[in-house]
Amino acid sequence: MKQVLINNTVLRDGQQSLAATRMKTSQMVPAAADLDALGFAGLETWGGATIDSCLRFLQENPFDRIRTLKKEAPQTPQIMLLRGQNIVQYASFPDDVVQTFVRCTAEAGMDIFRVFDALNDLRNMGVAIDAVKKSGKHARGEICYTISPVHTVDAFVDMAIQLEAMGCDSLGIKDMAGILAPQVAYNLVKKLKEKIKIPVVMHCHDTAGLAAQSYLAGIEAGADTIETSIAPFANGTAQPDTLRMLVMLEGHPRCPDFDRDRLARLRTHFEKVYKELGEFTSPANERIDCDALTCQVPGGMLSNFRTQLKEQNMMDKFDLVMQEVPYVRQCLGWVPLVTPTSQIVGTQAMLNVKFGRWKVISQPAMDVALGQYGRTPGRIDPDVLKEVERQSGKKSIEGRPADLLSPGMNKWRAEIKAKGLPVSDEVAVLYAMFPQQVEALLKPVPPPVQVPPNAKHFSMTINGNKHEVLVEEILN
């Protein structure tokens with residue numbers, strides 16, 4: 001039997017799930033050579049929230065991160081998570097922006113693109129998948145795994161068949177909430193291997209303590225690849241630790257061989273980084289949390305909920321909000337709970353508890369109900385849709401949301417040029433998603449004013465406005 005392949009997520013999902021995506025590129029570089037030498041099938045280094053975090057909090061150019069890691073770990077393919085038509089934001093972008101983003105990312109060194117849609121709407125994935133293929137890169141179509149009356153093993157298999165037909169090179173099972181039970185994992189992988197010819201990859205979070213067992217079941221059923229991280233950026237709301245999985249596979253005919261001394265050295269490095277990022281870590285994300293089994297909210301979102309409720313003086317309402325989540329989700333067409341829908345459903349549940357059901361509806365929740373995110377898996381509750389249309393003054397749409405958008409690249413190229421930013425497609429696509437952050441990072445800083453040594457400083461008030469004035473004394 002073929003050894004199971006392992007991708008490693010420590011540089012993206014591991015640190016995103018356990019340290020709010022605050023790991024800097026400089027903290028990754030010392031580990032890159034060891035990660036590269038271990039023989040992982042891929043390293044997930046980019047996508048998800050990393051691009052936002054690089055710009056908003058770390059003052060880094062995210063494309064430079066790809067280039068740096070490609071240089072430091074040249075042998076192992078890099079993997080990114082791409083939200084289909086949303087790219088790495090929460091709203092749909094025009095097709096030309098998606099295409100340009102994929103091209104720029106591929107040129108920077110990305111090899112494998114995990115393409116998903118929060119609603120599992122294939123119409124929101126097609127443009128990105130085509131762009132990946134045209135760039136000569138590997139397109140991995142992702143199924144967002146969730147549980148509801150409309151989400152069945154057969155429905156997921158049908159989706160996988162369509163993704164293969166769309167040109168995907170592999171199929172990912174994206175278990176973002178950590179709710180994929182072992183026997184279900186076995187049944188799903190077994191049927192997938194019977195129906196599709198492309199490799200099957202399992203990506204499970206260990207939020208409820210199921211991931212390692214589900215990986216074992218999936219491997220028994222024929223899964224080609226599993227994804228693990230490295231402690232302490234592992235387990236809990238992240239993926240299982242690599243060494244933990246190797247020990248669990250000992251004696252299994254598909255157990256791969258890894259240099260455990262090198263893994264131990266990596267753990268020592270990442271323990272140091274974990275301490276450095278202590279203000280962004282939380283014990284709530286490290287432990288097994290069975291709440292995810294009922295509300296299906298991803299583990300990282302559970303900890304964010306607690307913070308948000310504390311800010312709203314609603315910590316005593318935590319249980320009520322959690323109980324409201326499945327109701328809101330059902331009303332909004334049984335959407336899977338993954339970025340951005342987990343945030344949308346969670347916020348609406350909080351608003352329902354605080355103000356009464358559907359008295360105040362957030363704009364993103366309205367957009368889901370109106371079809372602005374795509375086709376929901378189930379039917380929108382008719383009474384909720386009626387209330388949304390009343391509050392918004394809009395009617396729902398049936399088509400692909402991006403079809404309503406005009407091409408945008410020329411507009412954003414012109415804007416960055418007018419603002420004095422570096423003119424390139426990399427900058428333009430980042431600016432399309434994060435204009436303020438890109439401008440703050442890349443806009444040239446004017447040189448400081450040189451104050452003559454004989455200048456005198458005055459404060460003056462003119463028409464009620466205070467001005468600071470420098471007057472240079474001219475000597476004859």
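Before going into details, it helps to say that this report is about the structure given with it. (Residues numbered from 1 in each chain as written. Predicted model: local features only at pLDDT ≥ 70, side-chain atom pairs only at ≥ 80, totals over all residues. Heavy atoms only, no water.)

Tracing the backbone shows Glu-389 in helix H18 (residues 382–392). Judged by relative accessible area, Glu-389 falls into the buried class, the value being 18%. Setting aside anything within four residues of it in sequence, one finds Glu-389 in contact with Leu-370, Lys-394, Lys-395 and Ser-396. (Helix = DSSP H or I, 4+ residues; strand = E, 2+ residues; numbered from the N terminus. Buried < 20%, exposed > 50% of the residue type's maximum accessible area, 1.4 Å probe, protein only. Contact = heavy atoms within 4.5 Å.)

Below, the discussion takes up the packing of aromatic side chains. Following the criterion strictly, the structure yields eight aromatic pairs and no others. Ring geometry for Trp-46 versus Phe-101: centroids 5.9 Å apart, planes at 15°, classification stacked. In this pair, Trp-46 is assigned in strand E2 (residues 42–47) and Phe-101 in helix H5 (residues 95–108), connecting sequence segments 55 residues apart. Of the two residues examined, Trp-46 and Phe-101, each falls in the buried class. Measuring from ring centre to ring centre gives 5.1 Å for Phe-233 and Tyr-274, while their planes differ by 75°; the resulting arrangement is edge-to-face. Of this pair, Phe-233 sits in the loop between strand E8 (225–228) and helix H10 (242–248) while Tyr-274 sits in helix H11 (residues 260–276); the two residues are 41 residues apart in sequence, bridging distant segments of the chain. Given a relative accessible area of 12%, Tyr-274 falls into the buried group. By way of ring pairs, the aromatic residues Trp-46, Phe-63 and Phe-101 are connected into one cluster. (Phe/Tyr/Trp six-rings, centres within 6.5 Å; stacked < 30°, edge-to-face > 60°.)

Below, the discussion takes up unusual backbone geometry. Cis geometry is found at the peptide bond from Ala-231 to Pro-232, where omega equals 5°. As for its placement among the helices and strands, Pro-232 is situated in the loop between E8 and H10. Residue Pro-340 is bonded to the preceding Thr-339 through a cis peptide linkage, with omega at 5°. Turning to its location among the elements, Pro-340 is positioned in the loop between helix H15 (318–331) and helix H16 (341–355). In this model, Ile-87 sits at a positive phi of 60°, which is unusual for a non-glycine residue. As for its position among the elements, Ile-87 is in the loop between strand E3 (78–82) and H5. The phi dihedral of Trp-358 is positive, around 65°, even though this residue is not glycine. One can find Trp-358 in the loop between H16 and helix H17 (363–369). Classification of Trp-358 by relative accessible area gives buried; the value is 8%.

Our focus in this paragraph is the environment of Met-322. Positionally, Met-322 belongs in helix H15. Residue classification places Met-322 among the buried residues on the basis of a relative accessible area of 10%. Residues Met-322 and Met-350, 28 residues apart in the sequence, show an inter-C-alpha distance of 8.7 Å.

Let us look at the environment of Cys-104. In this fold, Cys-104 is placed in helix H5. Take Cys-104: its relative accessible area is 4%, and that puts it in the buried class. Between the C-alpha atoms of Cys-104 and Val-429, which are 325 residues apart in sequence, the distance is 8.8 Å. When sequence neighbours within four positions are dropped, the list of residues in contact with Cys-104 reads Phe-63, Asp-425 and Glu-426.

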